[in-house]
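# Understanding the architecture of this molecule
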Amino acid sequence: MVLRSVFALYQQVPNILSRVAVMMKPQVVFVLGGPGAGKGTQCTKITENYSYTHLSAGDLLRGERAREGSEFGQLIDRHIKEGQIVPVEITINLLKKAMEETMKADEKKFRFLIDGFPRNEDNLQGWSRVMDDKANVKFVLFFDCSNEVCIDRCLERGQHSGRTDDNRESLQKRIQTYLQSTRPIIDQYEKQGKVRTVDASHKVDEVFADVKAILDKEG
């Protein structure tokens, strides 16, 4: 009887180890939408109410651009000002480092909102190459909003944010980049049944009510 119990437990070990390995991997939700769709605002509200850590690809890039001695600072600055997408190797390295540091500081913090990534096919392929066996993408949270509303929000934000890309010229370029490069990525995930869409044109609290319904359902 004892031997049978020991053997049964021995058989379960691979499954238990497999579940532990999955749990220890970062659990990722990609957060996508046009500039000004409210991704950052909603991510802040999510982290206040759920056990997620918010990582903004844009904020990480801007932080690296401002970091004294950064070898990528000028390159990042040029891409951001032109509304272009920064080379994927730089962005993924910053995201990977941020997740590792977060989980090292607190092993319970393994759920991440990655805001503003992947923004194009190159980003997606780069993530697959580097992170497919290191993180699990649960779904894409897509904030859908008209270009006009996005631009108005960014121009208003630009009066206080100090961001060099919150001006009409940069915004037009960013919108075009989003439509040409990021929307096809959202469409790809949609075909896989992994997109959860929120109408982001409403007021902040109304949008968050829809976000909350999604997160409560997804677990």
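Residues numbered from 1 in each chain as written. Predicted model: local features only at pLDDT ≥ 70, side-chain atom pairs only at ≥ 80, totals over all residues. Heavy atoms only, no water.

The next point concerns the pattern of salt bridges. Applying the stated criterion to the full structure yields 11 salt bridges. The partner of Asp-77 in a salt bridge is Lys-81, and the shortest N-O contact between them spans 3.4 Å. Of this pair, Asp-77 and Lys-81 both sit in helix α4 (residues 73-81), 4 residues apart, roughly one helical turn. In this structure, Lys-212 engages Asp-216 in a salt bridge whose closest nitrogen and oxygen atoms are separated by 3.2 Å. Here Asp-216 and Lys-212 lie together in helix α9 (residues 204-218), a separation of 4 residues that amounts to about one turn. Given the relative accessible area of 36%, Lys-212 is considered partly exposed. (Salt bridge = Lys/Arg side-chain N within 4 Å of Asp/Glu carboxyl O. Helix = DSSP H or I, 4+ residues; strand = E, 2+ residues; numbered from the N terminus. Buried < 20%, exposed > 50% of the residue type's maximum accessible area, 1.4 Å probe, protein only.)

Our next topic: the packing of helix α5 (residues 88-105) against helix α6 (residues 121-131). The interhelical angle for the contact between α5 and α6, taken along N-to-C directions, is 50°, at an axis separation of 10 Å. By the angle between their directions, the pair α5 and α6 is classed as oblique. At the point where α5 passes α6, the crossing takes the right-handed sense. For the pair α5 and α6, the contacting residues are Val-88, Glu-89, Ile-92, Lys-96 and Met-99 in the first and Asp-122, Asn-123, Gly-126, Trp-127, Arg-129, Val-130 and Met-131 in the second. In terms of residue class, the contact of α5 with α6 is made up of 6 nonpolar, 2 polar and 4 charged. (Axes fitted to C-alpha atoms, helices over the stretch in contact; angles between N-to-C directions. Parallel < 35°, antiparallel > 145°, perpendicular 65-115°, else oblique. Left-handed = near helix turned anticlockwise from the far one by under 90°. Contact = heavy atoms within 4.5 Å. Nonpolar A, V, L, I, M, F, W, Y, C, P; charged D, E, K, R; others polar.)

Attention now goes to the packing of aromatic side chains. Evaluated as defined, the whole model comprises 4 aromatic pairs. Taken together, a centroid distance of 6.0 Å and an interplanar angle of 55° make the contact between Phe-117 and Trp-127 tilted. Of this pair, Phe-117 sits in the loop between β3 (111-115) and α6 while Trp-127 is found in helix α6, placing the two residues 10 residues apart along the sequence. Since its relative accessible area comes to 1%, Phe-117 is described here as buried. Judged by its relative accessible area of 2%, Trp-127 falls in the buried class. Members of the aromatic cluster, joined through ring pairs, are Phe-30, Phe-117, Trp-127 and Tyr-189. One residue, Lys-45, lies across the ring of Phe-208, its end atom 5.3 Å from the ring centre. (Phe/Tyr/Trp six-rings, centres within 6.5 Å; stacked < 30°, edge-to-face > 60°. Lys NZ or Arg CZ within 6 Å of the ring centre and 35° of its normal.)

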